[in-house]
Amino acid sequence: MAMEPQMWRELGLADAEYQRIVDVIGREPSPTELAMFSVEWSEHCGYPRSRPLLGLLPKEGKYAARVKGEDAGGIEVAPGITILFKMESHNHPSQVEPFQGAATGVGGIIRDIFTMGARPIAVLDPLRFGELDEPLARYLFRRVVEGISFYGNCLGVPTVGGELRFEAPYGGNCLVNVMAIGIVETDKVATSRAVGEGNPVIIVGNSTGRDGIGGASILASHEFAEDEEKRPTVQIGDPFTEKCLIEACLEALETGAVIGLKDMGAAGITCTTCEMSAAGDHGMDIDLQKVPRREPGMEPWELMMSESQERMLLVAQKGREDEVLGIFRKWGLNAVTIGRVTGDGMLRVRDNGELVAELEAKTLADPPVYHLPAEEPDYYREVQSADLSQVPLPNDMNAVLRDLLASPNIAAAAWACHQYDHMVQTNTVVAPGADAAVLQLKGHRQGIAVTTDGNGRYCYLDPYVGAQLVLAEAARNLVCVGADPAGVTDCLNFGNPEKPDRFWQFKRCVEGLADASRAFGLPVVSGNVSFYNETPNTAVYPTPVLGVVGVLDDVRRHCTPGFKRAGDVIILLGETHEDLGGTEYLKRSHGQVTGRPPTLDLEREKKVQAACLRAVREGLAASAHDCSDGGLAVALAESCIHGRVGANVARRPPASSSQHPRRMLRASRRSRPTSARQPLCSAKSGATTS
Amino acid sequence: MATATELHFGIVVFPGTNCDTDAWHALHDGMGAPVDYIWHEDTDLTGFDCIILPGGFSYGDYLRTGAVARFSPVMGAVTDFAAKGGLLLGICNGFQILLEAGLLPGAMMRNVGQTFVCKYVNLRVEATDTPYTRAMEKGAVLRIPIAHGEGNYYADEATVEDLRRNHQIVFRYCAPDGQTTAEANPNGSLDNIAGICNRERNVMGMMPHPERCTDPILGSADGRLVWDSLLG
């Protein structure tokens, strides 16, 4: 039977891609094989369009890093203790069905962590929506937060941070990113390799249904057409099953009878069977009749593409499978042997005795790479040359400050944070609301801090500098709580890469991030690319969101942003320039998103951060806070609000809301008793008052 | 019965329980007390002096919080244990299970705000003649966090009157100054009720999490007072 073009086009494959498949396997694919290629070669799974550039990101830094392809990566934070982390996007599903989209986003990233044998210890959720006065944005925001709360709270993994940003370009395509962090003994990190001929291949967790078919290949790998009904492509989350799956998988790994384990996210059985086989230089022979399913009558291609949640594929040691199966049954979960590992590198899929797919695993797991053209967008020159010296000074600075503090991009995120259990597991030393969250590692002196940061506006105005500013801010957030930045995960949210101006944004951001990571000595240990974040009307700002983990030598030596007591001296670290480009002030008070983002001198930035870190570690700083959105004015106000004290600062030169990087605010413990009544008259210092 | 300082704690683990390890760490690391887990299918509670039903989402909170867990095999043994005077503490989901099992009166409804709420709250100590509060002062204000979506305690007027008359209301949500105002009530709970005990005072349920504030590095150590009361 000859394939009709309709068949591959409906699966999201271009004609050229189909031809490529025929060329590679030397024949027409079967319908099941075609479905498998469509998911495995999609941008969502195989990164064919972004891979060439991702190679620029550094894999090594000052801490021992573990970087392995698309799995979670990590850093060793204490002898024998590795922290694994990764960030992912669930943008398209969340725009279509915000509650389940956000919920299953949490579930998916958590599986990435415990599949490697790590206990998930924290989640962070950077979220971006349209302007809050849009009813759709308010609906999406409310339901996404509820979805995260529903799933994360039930799992017992604390949500310790994230971001909330509201900007028009995200109105048709919200960004729902989620970062998960896990802890594991370094020598116990599990692999996802299938090795050992004859070893049983076991599917565990939920049964397989028709939900989420095409979620990765179609929903996440193409632009949004707003009128299309795509709800059925969104998966449904069951956090209770996931909680049991976490416990059962970690218990099974403890036995030593597990050879390899991989989570089924996008592309379900296709992805796990083919990638585990390819990673282990082996093959698999599986029988779809054995797969537990939710409904009768499912076709082989549906079973292979289903994205039903809370499932894992496991390869066990031959002869010890009963031991493994017993653990999953104890937790009330399905666990069924569906096939065996083979030695010839071929992935064979059978259904009712019929061979429905026979492909070399490595071929399937290795999509072709596309080198896409990049072209500077038209707007770039215009915003770069914008003259901001003509922006009028506001008459009423107090009104400007009040307005900035009321901005949903700056105001406290308590409404969302209180819906997240941020304390469970009793490790949360510094809760959401500070520059970064701080977690203790029970039984160790060391602790970790973690933050997520993005700034789509800066990256839109200058993608290269913008990406560097994002990393600099994330690192600043960490040193403010007393942590040494150690490793990065990135979630790269962009528009349609097939449009050269969008791809240019992506390219410049990745280059900027690569250069800044090298300068800071930080490895990018894991990441995710989300393209096609656009509707026919708008594309999102280029928005790389970074999750950065830092290490505290002694978790008790940490800092928070609130001023601690009247009389302490306030010190401003770094330089202040007239950097108004892309500021929240320029947008709110003058309705403009233009100009150049703040200039960044990476060497000076590193020095400012080193000084701040040392002051916190040596106990000289009573508080520390980063100047970011809203600039110095907002940073001072936030430190006052957190600490319930006031501050006297001088206004020379003007304490404008320039959001210059490299600036940190710090109240020193070494206060002079008189300073409350004699505020220091310098732009770089002031004093807290009661 | 063991002497107070030798209390052997048992923490029940249902599928979906997620504050079991927190309670274990609080008791083991924080208080140096002997403590073991009890799988929900176990029915032998020999050797335990205090059973804790910890927080979490037993059976995913499906159907209704605590509604499925009360049918777990361990609950028969737990009921017998309590009937014989054994110490039984339900925290958060554990409190919800105690209500569903009929070991304490009343029921939990969805928070009035219709959302999950996780934050520190203030609690006023209303009864100090229980094994869980005897190290506290009556009227003292404790800072202990809550984390729940269904903590809106409800009972009919006769039951609440009974609770009041028998001094079974152990904790009430309050303002920092101890006033039990409506603003200080995080979930709409009737009469600001945060924790109650049975008439015999050996069974207590509370929505706030003392195990989350046993180590001062976590922001408060007021939860220790519950363990101090038990171990003192």
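What comes next concerns the included structure. No experiment lies behind these values; they were computed from the predicted model shown.

## A few points about the packing of aromatic side chains
Residues and elements named next belong to chain A.
Then step 1. According to the stated counting rule, one finds 21 aromatic pairs over all chains in the structure shown.
Then step 2. Look at Phe-141 and Trp-415: their rings are 5.2 Å apart centre to centre, the planes differ by 45 degrees, and that puts the pair in the tilted class. Here Phe-141 is found in helix H8 (residues 135-155), whereas its partner Trp-415 is found in helix H17 (residues 414-417), with 274 residues between them in sequence.
Then step 3. Overall, the relative accessible area of 11% leaves Phe-141 in the buried class.
Then step 4. Taking relative accessible area as the criterion, Trp-415 reaches 46% and is therefore assigned partly exposed.
Then step 5. Look at Phe-531 and Tyr-532: their rings are 6.4 Å apart centre to centre, the planes differ by 90 degrees, and that puts the pair in the edge-to-face class.
Then step 6. Judged by its relative accessible area of 1%, Phe-531 falls in the buried class.
Then step 7. Through pairs of rings, three or more aromatic residues link up here, namely Phe-494, Phe-503, Phe-506, Phe-531 and Tyr-532.

## Details of the pattern of salt bridges
One side chain can pair with another of opposite charge once the charged atoms of both are near each other.
Then step 1. One pass over the structure, following the stated rule, counts 57 salt bridges over all chains.
Then step 2. Between A:Lys86 and A:Asp112 there is a salt bridge, with its nearest N and O atoms 3.9 Å apart. With a gap of 26 residues between them, A:Lys86 in strand E3 (residues 81-89) and A:Asp112 in helix H7 (residues 98-114) connect regions that are remote in the sequence. Residue A:Lys86 shares its accessibility class with A:Asp112, and that shared class is buried.
Then step 3. Close ionic contact of A:Arg210 with A:Glu302 constitutes a salt bridge, the shortest N to O distance being 2.9 Å. Placement of A:Arg210 in the loop between strand E7 (200-205) and helix H9 (215-219) and of A:Glu302 in helix H12 (residues 300-305) is noted, with a sequence separation of 92 residues between them.
Then step 4. Assessed through its relative accessible area of 10%, A:Glu302 is described here as buried.
Then step 5. Through salt bridges that share partners, B:Arg124, B:Glu126, B:Glu157, B:Glu161, B:Arg164, B:Arg172 and B:Asp191 make up one connected network.

## Some words on the sheet that holds strand E18 (residues 524-530) of chain A
Residues and elements named next belong to chain A.
Then step 1. The sheet built from six strands is open, its strands ordered E14-E15-E16-E19-E17-E18 with mixed pairing. Unpaired on one side and paired on the other, strand E14 (428-430) and E18 mark the two borders of the sheet. Across this sheet, the average inter-strand angle for adjacent strands is 25 degrees, counted without regard to direction.
Then step 2. Pairing of E14 with strand E15 (residues 437-440) involves two bridges; the strand directions are antiparallel. Each bridged residue has a counterpart across the sheet, and for Val-430 the counterpart in E15 is Val-438.
Then step 3. Packing against the sheet, helix H20 (residues 500-520) makes contact with strand E17 (484-493), E18 and strand E19 (543-552), and its axis sits at approximately 175 degrees to E17.

## Things to note about the interface of chain A and chain B
Then step 1. If you look at the interface, chain A gives 28 residues, while chain B gives 25 residues.
Then step 2. Around 2,200 Å² of area is buried between chain A and chain B when both sides are counted, 67% of it from carbon and sulfur atoms.
Then step 3. Summed over the three residues of chain A that lose the most area to chain B, namely A:Phe240, A:Met423 and A:Thr426, the buried surface amounts to 26% of that side.
Then step 4. Inspection of the chain A/chain B interface yields one salt bridge.
Then step 5. The shortest N-O distance in the salt bridge between B:Arg212 and A:Asp421 comes to 2.8 Å.
Then step 6. Elements with a contribution of two residues or more to the side of chain A that touches chain B: H8, helix H10 (239-255) and E14 of chain A.

## Considerations on the state of the cysteines
Then step 1. According to the stated counting rule, one finds zero disulfides over all chains in the structure shown.
Then step 2. A disulfide-free cysteine, A:Cys154 has its sulfur positioned 8.7 Å from the sulfur of A:Cys244, the nearest such atom.
Then step 3. In this model B:Cys19 remains outside any disulfide bridge; the closest cysteine sulfur is found in B:Cys92, 6.5 Å from its own.
Then step 4. Using a relative accessible area of 1% as the deciding quantity, one classes B:Cys19 as buried.

Reading the values: the criteria
- Residue numbering note: each chain is counted from 1, following its sequence as written.
- Each chain gets a letter, beginning with A, and each ligand a number, beginning with 1, in the order they are written.
- The predicted origin of the model limits local features to residues at a pLDDT of at least 70 and limits the giving and counting of side-chain atom pairs to 80 or more, whereas totals for whole chains, interfaces and linings rest on all residues.
- By convention in this description, side-chain values take in all heavy atoms of the structure and omit both hydrogens and water.
- Stacked, tilted and edge-to-face are the three classes assigned to paired rings of Phe, Tyr and Trp, where Trp is represented by its six-membered ring and a pair needs centres within 6.5 Å; plane angles under 30 degrees give stacked, over 60 edge-to-face, the rest tilted.
- In this description a helix means any DSSP run of H or I spanning at least four residues, a strand means any run of E spanning at least two, and both kinds are numbered starting from the N terminus.
- The buried label goes to any residue with under 20% of its type's maximum accessible area, the exposed label to any with over 50%, and the partly exposed label to all in between, with areas taken from a 1.4 Å probe on protein chains only.
- Any Lys or Arg side-chain nitrogen found within 4 Å of a carboxyl oxygen on Asp or Glu counts as a salt bridge.
- A pair of strands is treated as paired once DSSP finds two or more bridges between them.
- Note on method: axes are straight lines fitted to C-alpha atoms, helices fitted across the in-contact stretch only, with angles between N-to-C directions ranging 0 to 180 degrees.
- In this analysis, two residues are considered to be in contact whenever any of their non-hydrogen atoms come within 4.5 Å of each other.
- Buried area: the accessible area, evaluated with a 1.4 Å probe, that two parts lose upon being put together, summed over both parts.
- Defined by distance alone, a disulfide is two cysteine sulfur atoms within 2.5 Å.

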